[in-house]
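What follows is each chain in one-letter form.
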Amino acid sequence: MKRSLILLFLTLFNATLFGQTTFAYQLNKGDVFTIKQQAKQVITQELDGASHIITNTIDGILQFKVLGEENKNYVVSLTFKDLNLKMTSSIQGELMNVKAKQIKEGDIQSRVFHTILNNPIKLILAKNGNILDVQGGDSLVSKMAKASGLKDKFSLNMMKKSLQKEFGSEALSNSYKQMTYIYPNNKIKIHDQWQNTYSGTLTSTNTWTLLSVTNNRANISGKAKVNMNVKDPTTSMKLSGTQTTKIQTDISSGFIVKMEVDGKSSGTSTIAQMSDQEIPTTITSKTTYELINL
């Protein structure tokens, strides 16, 4: 009887001790993680019974290198090793087709996006994955704009403003939080849920669930409510919708092994040339991130 009580005590002790675990980034100086990113976004606009479909595809290679630790946060460099962009319109045909590694003579876009390669920017990464600061994004935008070769100051400034929305420090911070900001601040056990929010052009309120832990891998799912608010001198979009995420992470480092993000939003867009008439608009997207240096 005494032995049974001891075994019961040990079982309950172990369940209490190991039932809850801290999930967070645990990185070391010199760690390198190479991520393959693929994304497809389809924008559908409906006007007087006719559809205009714009399809954007992106694929690239991102390298994250841990530079050290500062104030209990990680200092990480992010370097684009490859980037390919394509945009097509059901009405106008191909609008953009850029392979950053290839510079085409007379092609401004290829020169601009070639500049993004191998120009690291610095991230301050909290242990829960929140990106607290990005340093060097705005400098990168200036280099990209300069590479265009444009001499007219007005045109150069317009290009900078356009690039700032995607590659400026704030834009990069908001963009890559989707990939990194996935952990809670407290210990959790299987089936526990937690929430976080990030904002920017896309504001996302996320609810995460720890599904399982096997073989040094954690499987996490996410559901989010999203709001998109895009404004520029010629067009604007205001949409809301949902997003679902499937993640597998390496428990020892906290870094993702694979992530799939599916989203759908609807609302309206306006075009200045059409007197800001509201156009019903839907956006569907799928983005995957995969660790390729296992």
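Fair warning: this is a prediction, and the values are worked out from it, not measured in the lab.

Chemist: Before we move on, could you go through the overall build of the protein chain and cite the residues and values that matter?
Modeler: Looking only at helices and strands, one finds five helices and twelve strands in the protein chain. Overall, the protein chain is about 85 × 45 × 30 Å in size when its C-alpha atoms are taken along their principal axes. When burial is assessed residue by residue, the protein chain has 41% of its 294 residues classed as buried. Counting only contacts in the protein chain whose residues sit at least 6 apart along the sequence, the fraction spanning at least 24 positions is 56%. For the protein chain, the computed accessible surface area is about 16500 Å², with 52% contributed by carbon and sulfur atoms. Each charge sign in the protein chain was given a centre, from 34 positive and 23 negative side chains, and these centres are 8 Å apart.

Chemist: Could you give an account of the pattern of salt bridges, with specific residues and numbers?
Modeler: When charged atoms on two side chains of opposite charge get close, those side chains can pair. Under the defined criterion, the tally for this structure stands at six salt bridges. Among the ionic pairs, lysine 127 bridges to glutamate 69, the shortest N-O distance being 3.3 Å. Here lysine 127 is found in the loop between strand 5 (121–125) and strand 6 (131–135), whereas its partner glutamate 69 is found in strand 2 (residues 50–70), with 58 residues between them in sequence. A salt bridge links arginine 217 to aspartate 250, with the shortest nitrogen-to-oxygen separation between them at 3.9 Å. With a gap of 33 residues between them, arginine 217 in strand 9 (residues 217–231) and aspartate 250 in strand 10 (residues 235–250) connect regions that are remote in the sequence. Three or more residues joined by partner-sharing salt bridges are found here, namely Lys258, Glu260, Asp262 and Lys286.

Chemist: Which residues make up helix 3 (residues 137–147), and what values do they have?
Modeler: Every buried residue of helix 3 is listed here: Gly137, Leu140, Val141, Met144 and Ala145. In a view along the axis of helix 3, the buried residues occupy a sector of 135 degrees, so they form one face of it. Of the surrounding secondary structure, the elements contacted by the buried residues of helix 3 are helix 2 (108–114), strand 5, strand 6, helix 4 (153–167) and helix 5 (169–180). Positive backbone phi, at 85 degrees, marks glycine 149, one or two positions downstream of helix 3.

Chemist: Describe the packing of helix 4 against helix 5, listing the residues and the values that go with them.
Modeler: In a pair of packed helices, the angle between the axes and the distance between the axes together describe the arrangement. Helix 5 packs onto helix 4 with a crossing angle of 30 degrees between their chain directions and a minimal axis gap of 5 Å. The angle between the axes of helix 4 and helix 5 places the two elements in the roughly parallel class. Facing Gln164, Lys165, Glu166 and Phe167 of helix 4, the residues of helix 5 in contact are Ser169, Ala171 and Leu172. In the contact of helix 4 with helix 5, the residues fall into three nonpolar, two polar and two charged.

Chemist: Go over the packing of helix 3 against helix 4 with me, naming the residues and quoting the values.
Modeler: Between helix 3 and helix 4, whose axes approach to 9 Å, the crossing angle comes to 135 degrees. Here helix 3 lies oblique to helix 4, going by the angle between them. Of the two possible hands of crossing, helix 3 and helix 4 adopt the one that is right-handed. Between helix 3, through Gly137, Asp138, Val141, Ser142, Met144, Ala145 and Lys146, and helix 4, the contact on the second element is made entirely by Leu156, Met159, Lys160, Leu163, Gln164 and Phe167. Residue composition of the contact of helix 3 with helix 4, grouped by class: seven nonpolar, three polar and three charged.

Chemist: Before we move on, could you go through the nonpolar core and cite the residues and values that matter?
Modeler: Here is a general trend for soluble globular proteins: nonpolar side chains tend to be buried in one another's company. Core analysis: the biggest nonpolar cluster contains 50 residues, and Ile35, Phe64, Phe113, Phe167 and Ile256 have the highest contact counts within it. It is strand 3 (residues 73–89) that contributes the most residues to this core, six residues altogether. With six residues, the next largest nonpolar core counts Ile54, Met228, Leu239 and Ile283 among its residues.

Chemist: Summarise helix 5; cite the residues concerned and give the values.
Modeler: Compared with the 16 Å implied by 1.5 Å per residue over twelve residues, the 16 Å span of helix 5 between its first and last C-alpha is a close match. Most of helix 5 sits inside the fold, with ten of its twelve residues counted as buried. Among all positions of helix 5, only Ser169, Ala171, Leu172, Ser173, Asn174, Tyr176, Lys177, Gln178, Met179 and Thr180 are buried.

Chemist: Give me the lowdown on the side chain of threonine 288, citing residues and values where you can.
Modeler: For threonine 288, the location among the structural elements is in strand 12 (residues 279–291). Sequence-distant contacts of threonine 288, defined by excluding residues within four places in its chain, comprise Lys36, Gln37, Gln38, Met259 and Glu260.

Chemist: Just give me the short version of the environment of leucine 239, but keep the residues and values in it.
Modeler: Along the chain, leucine 239 falls in strand 10. The exposure class of leucine 239 is buried, given its relative accessible area of 3%. The spatial distance from the C-alpha of leucine 239 to the C-alpha of threonine 88 is 21 Å, given a sequence separation of 151 residues. Setting aside residues up to four positions removed in sequence, leucine 239 forms contacts with Val226, Asn227, Met228, Ser265, Ser266, Gly267, Thr281, Thr282 and Ile283.

Definitions and limits used
Residues numbered from 1 in each chain as written. Predicted model: local features only at pLDDT ≥ 70, side-chain atom pairs only at ≥ 80, totals over all residues. Heavy atoms only, no water. Helix = DSSP H or I, 4+ residues; strand = E, 2+ residues; numbered from the N terminus. Buried < 20%, exposed > 50% of the residue type's maximum accessible area, 1.4 Å probe, protein only. Contact = heavy atoms within 4.5 Å. Areas by Shrake-Rupley, 256 points an atom, 1.4 Å probe, with all protein chains shown as cover. Lys, Arg positive; Asp, Glu negative; His and termini not counted. Charge placed at Lys NZ, Arg CZ, Asp CG, Glu CD. Salt bridge = Lys/Arg side-chain N within 4 Å of Asp/Glu carboxyl O. Arc of directions from axis to C-beta. Axes fitted to C-alpha atoms, helices over the stretch in contact; angles between N-to-C directions. Parallel < 35°, antiparallel > 145°, perpendicular 65-115°, else oblique. Nonpolar A, V, L, I, M, F, W, Y, C, P; charged D, E, K, R; others polar. Left-handed = near helix turned anticlockwise from the far one by under 90°. Core = buried A, V, L, I, M, F, W, Y, C linked by side-chain atoms within 4.5 Å. Expected span 1.5 Å × (residues − 1).

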